[in-house]
Amino acid sequence: MKELFEIRIVKTELEIAQCWDVALLLRPHLEKEKWVPMIMEMMQNEKFFIAGVFDHGRFVAFAGCRFMTSLHTGNIIYVDDLCTLDEYRGKGLASRLLEHVREIAKLNNQDALVLDTDFTNNTAQKVYLKSGFKLAALHLASALK
C-alpha cells in the first residue's frame, strides 16, 4: 500500500493518545496513563502543540513544540521533541515536520526556530543542519532529581 503522509496539528485527546507509541521511543521514562493529561495541560498552560505525521490515519512521527519568548533569541518556537517510528525513518518525515513548524513560526512572526539535540545523535544533527539549523549554543543542565 502506498504511503499517504498527512501533517496536521494534533488537537483532540484521541489524537494525543495516538501519539503515545512514537513519544515512547524518545521518552521511555514517561507513563502512558499520564500522557494525555500531561499534554493537555501543556497545551493549555505552556503554548505547547504537536505537529503529527499520519500515514493512512496511523500516527507515525511528531514534533512537540512550544511558543516561547527568550531574552537571548526573542520570540521563538522551541522544538522539544522530534521522533519517527523506526519503520518510517529515512523517508524525510523529520525534515518535513521541521519545515511545517518553520512555516507556523513564520506565520506567527517568530524570530527563530530553536532545538537541542544530544551530542551523540549524529543522525539527528545531520537532519537539523540540512534543514537550515546552525550550531549556536552549548546547552547545559543540572539535574535536581
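Before any of the text, the structure's been laid out above.
The sections below set out a description of the structure shown in this document. (Residues numbered from 1 in each chain as written. Predicted model: local features only at pLDDT ≥ 70, side-chain atom pairs only at ≥ 80, totals over all residues. Heavy atoms only, no water.)

### Regarding the overall build of the protein chain
Turning to step 1, where the next piece is worked out: A count of helices and strands for the protein chain gives 5 helices and 5 strands.
Turning to step 2, where the next piece is worked out: Each helix (α) and strand (β) of the protein chain, taken in turn from the N terminus, gives the series β-α-α-α-β-β-β-α-β-α.
Turning to step 3, where the next piece is worked out: Against the globule reference of 15 Å for 145 residues, the protein chain gives a C-alpha radius of gyration of 15 Å, in line with a compact fold.
Turning to step 4, where the next piece is worked out: Dimensions of the protein chain, computed from the C-alpha atoms along their principal axes, are close to 45 × 35 × 30 Å. (Helix = DSSP H or I, 4+ residues; strand = E, 2+ residues; numbered from the N terminus. Rg over C-alpha atoms; globule rule 2.2 N^0.38 Å.)

### With respect to unusual backbone geometry
Turning to step 1, where the next piece is worked out: Of note in this structure, K47 is not a glycine but carries a positive phi near 55°.
Turning to step 2, where the next piece is worked out: Residue placement: K47 occurs in the loop between α3 (32-45) and β2 (48-55).
Turning to step 3, where the next piece is worked out: Among the residues examined, K47 registers a relative accessible area of 57% and is labelled exposed. (Buried < 20%, exposed > 50% of the residue type's maximum accessible area, 1.4 Å probe, protein only.)

### Remarks on a nonpolar patch on the surface
Turning to step 1, where the next piece is worked out: A cluster of nonpolar residues, F119, L138 and L140, forms a patch on the protein surface that exposes about 410 Å² of accessible area.
Turning to step 2, where the next piece is worked out: Along the chain, L138 turns up in the segment after α5 (122-130).
Turning to step 3, where the next piece is worked out: Owing to a relative accessible area of 55%, L138 belongs among the exposed residues under this scheme. (Patch = residues over 30% accessible without salt bridge, like charges linked within 9 Å, V, L, I, M, F, W, Y side chains within 5 Å. Areas by Shrake-Rupley, 256 points an atom, 1.4 Å probe, with all protein chains shown as cover. Salt bridge = Lys/Arg side-chain N within 4 Å of Asp/Glu carboxyl O.)

### Some words on the pattern of salt bridges
Turning to step 1, where the next piece is worked out: Tallying each qualifying case throughout the model produces 10 salt bridges.
Turning to step 2, where the next piece is worked out: Here R58 makes a salt bridge to E87, at a shortest N to O gap of 2.9 Å. With R58 in strand β3 (residues 58-70) and E87 in the loop between β4 (74-84) and α4 (93-107), this pair connects stretches of sequence that are 29 residues apart.
Turning to step 3, where the next piece is worked out: Put simply, E103 and K106 hold a salt bridge, and the shortest N to O gap is 3.7 Å. Taken as a pair, E103 and K106 lie in helix α4 at a separation of 3 residues, close to a single helical turn.
Turning to step 4, where the next piece is worked out: Note on E103: relative accessible area 35%, which makes it partly exposed.
Turning to step 5, where the next piece is worked out: K106 gets classed as exposed once you look at its relative accessible area, which sits at 56%.
Turning to step 6, where the next piece is worked out: Each of the salt bridges in this network shares a partner with another, and the network as a whole consists of E6, R8 and E15.

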